[in-house]
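The chain contents come next:
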Amino acid sequence: MAKSNLHKKAIPTPNAGQLNTVRRLMDAGEMAQARQRLAVLRRTFPDFKPLLGLVWELEDRGGMPILAAARAYQWHKASPNSRTAVEALCQSATEAGLAALSGRTHQRLAELDQRSFALPVTLESALGTLNLDQAEAIDLSRMHLADNQPAAAIEVLQGVTHPAARNNLALAFFVAGDMAQARTIMEASWQADPDNLFALDSALRWRCWAEGMDRCRGYGTTLRQATPRRSEEAIAQVMALRFLGDDNAALVAWNNAKNAPYWDQSNPDQRALFTTSKDVLAELPGGSGMWFPLPWVNAVADLWGQSKGGAEAAWQQRWDTLVGRCDAHADYLVRAADLGDDPVKFLALSVLKVRAQQSDTAALASLNTLLTLRHGADTDRMELLEWLITHKFRNRSEPAQVWQAGQLRPVQTYNLRITNTPYPSPYPPKSAAINERMLKAVQKGQWSQALQLAEHLLQMHPEEPAALSNLAAIKEGLKHDSTEVASLYRQAHALAPDYWFARCGLARCLMLEGDMEQARRLMTNLLDREEFHRSEYRSILLTQQSLAIASGDLATQKQVEKALADLAKDK
């Protein structure tokens, strides 16, 4: 009888150098690069299961327990007898607050150790009693949704009738792009339990998507009078009130809920929303990350990342067609652009802009409305205004009502130009030479010399606004007594109320003193010119940075820091 070849075909494996490269990137904190390298390795070696462990380790070290749980779950499914995989899933599920999944993995570890481990038959929740299978299905659906896998969430929730499961099932259908199913399930869930604020939050949002904000305002009274029973409902109540534009009620709801006992049982991410926020209206999200269905978001991201390759007109047509597939009501897009994070704002604005260019009057009105809303950075509103002017939806010569520097005011834009051409010196030749030496000392960071020259110049010209402001600015940079700095700026401003550096410097001092109203008044119309010397524009940016810091406006602060860095690079 002929011999049969029973040897298994060897599984292709990555070499040690490839694995070590990933580990070095992880050790250096370069998680994005490590993730890219791992993705390539997984495509190249799909049957090499130890890569699943490395993927879990990457997410675990990245500080996202629920995503780490998703990776560990994949690893466990691929290697069900691997104790290491079970331990990884147990650790991440516990850290992510997935109690039922954590319990199941503890039970599996006990079986591997040949010891007993008893789990409760049922679990109590604010939405009613769950059996263990229901609780595990809900945990898995949460994990799959966090991992942007709505189809997996839908599959695991089939036949689970608990209200929490129905909430998650509706979310999964929305993320998958089935708005009709999502709305039907979520509205039924809320009708069955009017105290289910999680369901109400999503129900009103999706009604706004389909029918506009007027059909949602009636929910406001119910939300203001409601008392959350769990952390998810507390978060949903605040977000829904913000979505409706009632920031005052959102702040009241946050204050009422932040010390509630249910936070003791919530996961760390939920607790962080209520315990670490310094400015609730600025930092609490205006909703979950699921503003738009995932298939459409992925398609937009893919097209945006593609090279136009010289065929810009063809690319633009594809872009307009794809973006135009979003059928959200303009009111919903306004809320997304006003409250969402940067990617959400980009998507919402893209839809509104495409519609406006197709003569949609509601979209154009919505873009003008966004100029007046207080959330987000002043620079975002100015960029939007410039877009409207560039595309001939507004006239540059006509002021627009824009929320700027903490107030709604008329703004007229100009074609901004930054110049290095110096203005005529206010000094006679000898003093002008001293002024030049002072400015060069500042540029070189020779602050002691600059201070001496500035003091000497002020002695020679005690009533010259430039001399007063320059000395104040140097003392400000050296962190001298703020009262002394403010006094110099006040003297300069009194002598020349329109002198740029005096206005900006005094505004910064007033912010330190807590007089935000007067500081904003000094900043009014600062940008109402077409041309600025580089030093003038830097002074404006520093003043805007001070205002952002004083107001706790982190978004504007980051944008101004970038503008300052760009200005320094363009010298």
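Residues numbered from 1 in each chain as written. Predicted model: local features only at pLDDT ≥ 70, side-chain atom pairs only at ≥ 80, totals over all residues. Heavy atoms only, no water.

## Digging into the overall build of the protein
Here is the rule we go by: Numbering goes from the N terminus for both helices and strands, where a helix is a DSSP run of H or I of at least four residues and a strand is a run of E of at least two. Any residue under 20% of the maximum accessible area for its type is buried, any over 50% is exposed, and the rest in between are partly exposed; the area is computed with a 1.4 Å probe on protein chains only. Should any heavy atoms of two residues lie within 4.5 Å, those residues are counted as being in contact. Here the accessible surface of atoms and residues is derived via Shrake-Rupley with a 1.4 Å probe, and residues count as covered only by protein chains that are part of the display. Only four residue types enter the tally: Lys and Arg on the positive side, Asp and Glu on the negative side, with His and both chain ends excluded. A charged residue contributes its charge at one atom only: NZ of Lys, CZ of Arg, CG of Asp or CD of Glu.
Along its length, the protein carries 30 helices and six strands. Projected onto its principal axes, the C-alpha positions of the protein cover 110 × 65 × 55 Å. Sorting the 571 residues of the protein into buried and exposed places 46% on the buried side. Sequence-distant contacts, at least 24 apart, represent 56% of the contacts inside the protein between residues at least 6 apart. Total accessible area on the protein is roughly 29400 Å²; 51% of this is exposed by carbon and sulfur atoms. Across the protein, the centroid of the 63 positively charged side chains sits 5 Å from that of the 64 negatively charged ones.

## Digging into helix 14 (residues 247–257)
As a reminder of what qualifies: The arc in question is the one spanned by the directions pointing from the helix axis to the C-beta atoms.
Within helix 14, burial applies to Asp247, Ala249, Ala250, Ala253, Trp254 and Ala257. Projected down its long axis, helix 14 shows its buried positions confined to an angular sector of 160°, all on one face. Seen from the open side of helix 14, the exposed residues pointing more than 90 degrees away from its buried face are Asn248 and Asn256.

## Quick notes on the packing of helix 11 (residues 197–211) against helix 13 (residues 231–243)
How two helices pack is summed up by the angle between their axes together with the distance between the axes. Put simply, the test is: Fitted lines through C-alpha atoms give the axes, limited to the stretch in contact for helices. The angle between two N-to-C directions lies from 0 to 180 degrees. Orientation categories follow fixed angle ranges, with anything under 35 degrees roughly parallel, anything over 145 roughly antiparallel, 65 to 115 roughly perpendicular, and all other angles oblique. For any pair of crossing helices, the crossing counts as left-handed if the nearer helix is rotated counterclockwise from the farther one by less than a right angle, and right-handed if it is rotated clockwise.
Between helix 11 and helix 13, the shortest axis-to-axis distance is 7 Å and the interhelical angle comes to 25°. In terms of orientation, helix 11 and helix 13 fall into the roughly parallel class. Relative to helix 13, helix 11 is oriented so that their crossing is left-handed. Residue-level inspection shows Leu197, Phe198, Asp201, Leu204, Arg205 and Cys208 of helix 11 in contact with helix 13, the latter providing Glu232, Glu233, Ala236, Gln237, Met239, Ala240 and Phe243.

## Quick word on the pattern of salt bridges
What counts, and what does not: A carboxyl oxygen of Asp or Glu within 4 Å of a side-chain nitrogen of Lys or Arg is what we treat as a salt bridge.
Scanning all chains against the criterion turns up 31 salt bridges. Salt-bridge contacts for Arg207 lead to Glu187; the nearest nitrogen and oxygen are separated by 3.7 Å. Within this pair, whereas Arg207 is found in helix 11, its partner Glu187 is found in helix 10 (residues 179–192), the two being separated by 20 residues in sequence. Since its relative accessible area comes to 17%, Arg207 is described here as buried. With its nearest N and O atoms 3.6 Å apart, the salt bridge here joins Arg374 to Asp247. Of this pair, Arg374 sits in the loop between helix 21 (361–370) and helix 22 (378–390) while Asp247 sits in helix 14, and the two are 127 residues apart along the sequence. Residue Arg374 is classed as partly exposed on the basis of its relative accessible area, which comes to 42%. On the basis of relative accessible area, Asp247 is assigned to the buried category, the value being 13%.

## Section: the side chain of Gln237
Positionally, Gln237 belongs in helix 13. The exposure class assigned to Gln237 is buried, which follows from its relative accessible area of 4%. Not counting residues up to four positions away in its chain, the partners in contact with Gln237 are Leu197, Leu223, Ala226, Pro228 and Ala253.

## Some thoughts on the confidence of the model for the protein
Formally: Values of pLDDT, ranging from 0 to 100, describe the predictor's confidence in every residue of the model.
On average, residues of the protein score 87 in pLDDT, and 91% of them reach the 70 mark or higher. Across residues 1–6, where pLDDT falls below 50, the model places zero contacts with residues more than four positions away in sequence or in other chains. Low confidence marks residues 278–283, where pLDDT is under 50. Its contacts with residues over four positions away, or in another chain, come to 13 contacts.

## A word on helix 9 (residues 163–176)
Here is the rule we go by: Take the residue count of a helix, subtract one, and multiply by 1.5 Å to get its expected span.
Between its first and last C-alpha atoms helix 9 spans 20 Å; for 14 residues at 1.5 Å apiece the expected length is 20 Å, and the two agree. By the criterion of burial, helix 9 is predominantly enclosed, with eleven of the 14 residues buried. Within helix 9, the full set of buried residues consists of Ala164, Ala165, Asn167, Asn168, Leu169, Ala170, Leu171, Ala172, Phe173, Phe174 and Val175. Looking at the buried residues of helix 9, the elements they touch are helix 7 (132–146), helix 8 (150–157), helix 10, helix 11, helix 17 (294–305) and helix 19 (330–339).

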